Amino acid sequence: MAGPRGYHSYRGRSSKGKLVLAVLLVLVILASIGFMMMQKYIVYDETGTPKLVLPEKTEESLPPEEEEPVNITIQEQEKKSLLQAVELGDDPADWPAELAAASGQNAFCVTMKASGGQLRYPFENAAAVAGASLAGTASKAAEVLPSLLEGEWYTVARISCLRDGGVARGDVEAMGLKNTGGYIFYDGNNENWLDPSKQATKDYLSRLVCACAHLGFDEILLTDLTYPTVGKLDKIAYGFDPNYETQAAYNTEQIANLLAAVKEALGDRNVKLSLELSETVLGNEGVDETAGIDLWNTLMARLDRIYVPTVEDRVDAMVTGGLEEGVLVPELTAVPAAAEYQCYLLLRK
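Residues numbered from 1 in each chain as written. Predicted model: local features only at pLDDT ≥ 70, side-chain atom pairs only at ≥ 80, totals over all residues. Heavy atoms only, no water.

(A) The environment of L162, seen in detail. Within the fold, L162 resides in the loop between β5 (154-160) and α4 (165-170). Residue class for L162 comes out buried when judged on its relative accessible area of 0%. Not counting the four nearest positions on each side in its chain, L162 is found in contact with N192, W193, L194, P196, T201, L205, D224, L225, T226, I255 and L258. (Helix = DSSP H or I, 4+ residues; strand = E, 2+ residues; numbered from the N terminus. Buried < 20%, exposed > 50% of the residue type's maximum accessible area, 1.4 Å probe, protein only. Contact = heavy atoms within 4.5 Å.)

(B) Quick peek at unusual backbone geometry. Positive phi values are uncommon outside glycine, yet D224 reaches one of about 55 degrees. Mapped onto the fold, D224 is located in the loop between β6 (219-223) and α6 (247-266). For E285, which is not glycine, the phi torsion reads 60 degrees and is therefore positive. By the element assignment, E285 lies in the loop between α7 (279-283) and β8 (287-288).

(C) The arrangement of the pairing of strand β3 (residues 84-87) in detail. Here β3 shows a buried face lined by Q84 and V86 and a second buried face lined by A85 and E87. In this structure, β3 lies alongside strand β12 (residues 344-346), joined through three bridges in parallel fashion. Bridge pairing in β12 places V86 opposite L346. Note: β3 against strand β4 (residues 107-113), three bridges, orientation parallel. Its bridge partner being in β4, A85 is matched across the sheet by A107. For the crossover from β3 across helix α2 (residues 95-101) to β4, the handedness is right-handed. (Pairing = 2+ DSSP bridges. Right-handed = clockwise from strand over helix to strand, strands pointing away.)

Shown next, in the form of structure tokens:
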């Protein structure tokens, strides 16, 4: 029998319909999340039209590549090439043979103005200097030296500065060191000296140094750059300036001024300037008030090297913070074998 007309029993939604609704709900949620995440990549052009601009891949987003192991070899830095020089003899005719016989040296030294004043090379205008004496071998030196200077050897010219009897006597007023009586001064060895405070002395030595640089020498070694240190020194007419506290301070300034004049004359020439000192002076912190020497306070700033006559077993002890890596050049009579410091000038025996 049928039930009342217009009514039927309510059975609710089917399980299939619920599943569809659940799927739709999940899709809506995912779409919403995706939309919100994509908002930061939406840009608008000049017309207001939105565009989706996705970020490019960066190196950080790429997986790191495996790095191949790198083998690093640390090489010990080579030491600077130290000066290992041989002194050539008095006769220029022998120089090529002496260099051919040299073993292990990379440099040579030639005396261009000897202690006492003799010129070993025919310098231009040297004859114009009163009292200047020229060695009989000077013309041969002019013949042989150019080819040696053009070779691969490092070259050093030795120039004696103030112990110069011929020129001192030849022009006492302009260049000679006088005694207190107004005459030329004779030291304990009966030798005469140039006066470092006189302009003519500065000019003469500067010309010789520049001439050696022009010839092509790599280095100029100055010797006898001092006042006399033997004899009746109280008889020397040093001169004085009341602006200096002591006579020693004045004398030191005269030597320093002479070196400054030589350095200025060299200008920008690519040549080293060096000084020979005694081992005694070096051991006294580079000071000799009698000689007018104060190495560290007045001279070293204008010098490249210091040469010191000595013996092998004292070489290593001389090397200090200020005199190393070729700045100190011991002058020896034999190639050093035991010394750790292998920089030297080998003197003729």
